[in-house]
Structure formats: C-alpha cells, structure tokens
Amino acid sequence: MSELNKKWQARFMDMAFMVATWSKDPSTQVGAVIIDGNHIVSMGFNGYPHGVEDRADDREIKYLKTIHAEENAILHANRNINGCSLFATHLPCPNCCAKIIQVGISQVFIPHQTDDYLSRWGDKVKVSMGMFNECGVSVIQMERSSKSNPHPVGASESAYARNK
Ligand SMILES: [Zn+2]
C-alpha cells in the first residue's frame, strides 16, 4: 500500500469518526464511509429512519427501530457498490456484516480493537470475523492518528500520524 493510500485511509477513518458525531443516539455513535478508490460513495451513522420521531424509547424498542451506520451507508449509496471499501468506527455487527458481504464490499477498515472491546463483544466479534473470513472480505485494523484521536496511541505504533 502506497504512502498516499495510507494518508487517505487515515482521512477516511477520520471522516467515519466525524460522521459518527452526527448520530443523535446518546449512548452509541457509529459512523461508516463507503469508498471507491479515493472517492467517497456514501456515508452513514446510526439512527432512526427519516420521519420516525426520536422519542425516549426503551432500549429494546430503540434497537428495533435503529438503522446502523453501515446499513445507512449502503442504503444511501444508491449505486452498485460491489468491490468498494467501507470504513467504520467499530467492527460491524453480524447483521451489518451480512449486508456488507451481500452488496460485495471487499475491504472493511476499522480502528484497532482494544482487548476491552473484544472481551465485551466477544461472541459478536467472533461471528462477524467468521463471516468476513468465510467470504473473503479483508478486515484491516488501523491505528488512529494522534491528531484525531483523543487518546493518542504510542508514537511507535502511530504509523498514520507519521505519514501525515
Ligand atoms: Zn450493525
């Protein structure tokens, strides 16, 4: 992967985190960006469908109504996204993985997953990674740059910061 591409990868990941802040969900903010080469095809964040009021629903109802960031990005693409890449602020859940696979996205970029995250979401992580592996979707874990990360990674790990 060229230096330029790494720089753009960091930019698209920054963009996914920026888009995540547009979510009105007070507890979870997820962002996703779909890329074709160096071109942005679509973006999405988690939330209710247009026109469905943002009531103080309980957790279970909220879960049923919410469209995930990756789903929204796929729905908004409005074109064939076979072979495109997806940048997401979190490892996609198994339901989103199924859709990502079905539309032919070939690469998924996610931030480096911490041990804490992996232990909290262990089962779902295994299902998601298993599906991606089975279908040949590459999952690339990235270190985030110190510029955009509120909790900077160690300098030795921060390849993306060096390439800016
Ligand atoms: Zn999902």
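Computed from a predicted structure; not experimentally measured.

1. A look at the confidence of the model for the protein
So, point 1. Confidence in the prediction for the protein averages 85 pLDDT; 85% of positions are at 70 or higher.
So, point 2. With pLDDT under 50 throughout, residues 149-164 is counted as low confidence; its partners more than four residues away or in other chains account for 27 contacts.

2. With respect to the packing of helix α4 (residues 94-102) against helix α6 (residues 122-135)
So, point 1. Packing of α4 against α6 leaves a shortest axis separation of 9 Å and a crossing angle of 15°. The angle between α4 and α6 places the two elements in the roughly parallel class. Of the two possible hands of crossing, α4 and α6 adopt the one that is right-handed. For the pair α4 and α6, contact is made by P94, C97, A98 and I101 and by K124, V127, S128, M131, F132 and C135, respectively.
So, point 2. Taken together, the residues of the contact of α4 with α6 sort by class into eight nonpolar, one polar and one charged.

3. Examining the sheet that holds strand β4 (residues 107-111)
So, point 1. Judged by pairing direction, the sheet is mixed, and its five strands sit side by side in the order β2-β1-β3-β4-β5 without closing on themselves. With partners counted over all chains shown, the strands left at the sheet margins are β2 (39-45) and β5 (138-142), one partner each. Between one strand axis and the next, the sheet turns through 20° on average, direction left out of account.
So, point 2. Relative to the sheet, helix α3 (residues 69-77) contacts β1 (31-36), β2 and β3 (85-88), its axis offset from that of β2 by approximately 135°.

4. Regarding α3
So, point 1. The set of residues buried in α3 consists of A69, E70, N72, A73 and I74.
So, point 2. Immediately beyond the C-terminal end of α3, within one or two residues, lies N78, with a positive phi of roughly 55°.

Definitions and limits used
- Residues numbered from 1 in each chain as written.
- Predicted model: local features only at pLDDT ≥ 70, side-chain atom pairs only at ≥ 80, totals over all residues.
- pLDDT = per-residue confidence, 0-100.
- Contact = placed C-beta atoms within 7 Å.
- Axes fitted to C-alpha atoms, helices over the stretch in contact; angles between N-to-C directions.
- Helix = DSSP H or I, 4+ residues; strand = E, 2+ residues; numbered from the N terminus.
- Parallel < 35°, antiparallel > 145°, perpendicular 65-115°, else oblique.
- Left-handed = near helix turned anticlockwise from the far one by under 90°.
- Nonpolar A, V, L, I, M, F, W, Y, C, P; charged D, E, K, R; others polar.
- Pairing = 2+ DSSP bridges.
- Buried ≥ 20, exposed ≤ 12 C-beta atoms within 10 Å, placed from the backbone.

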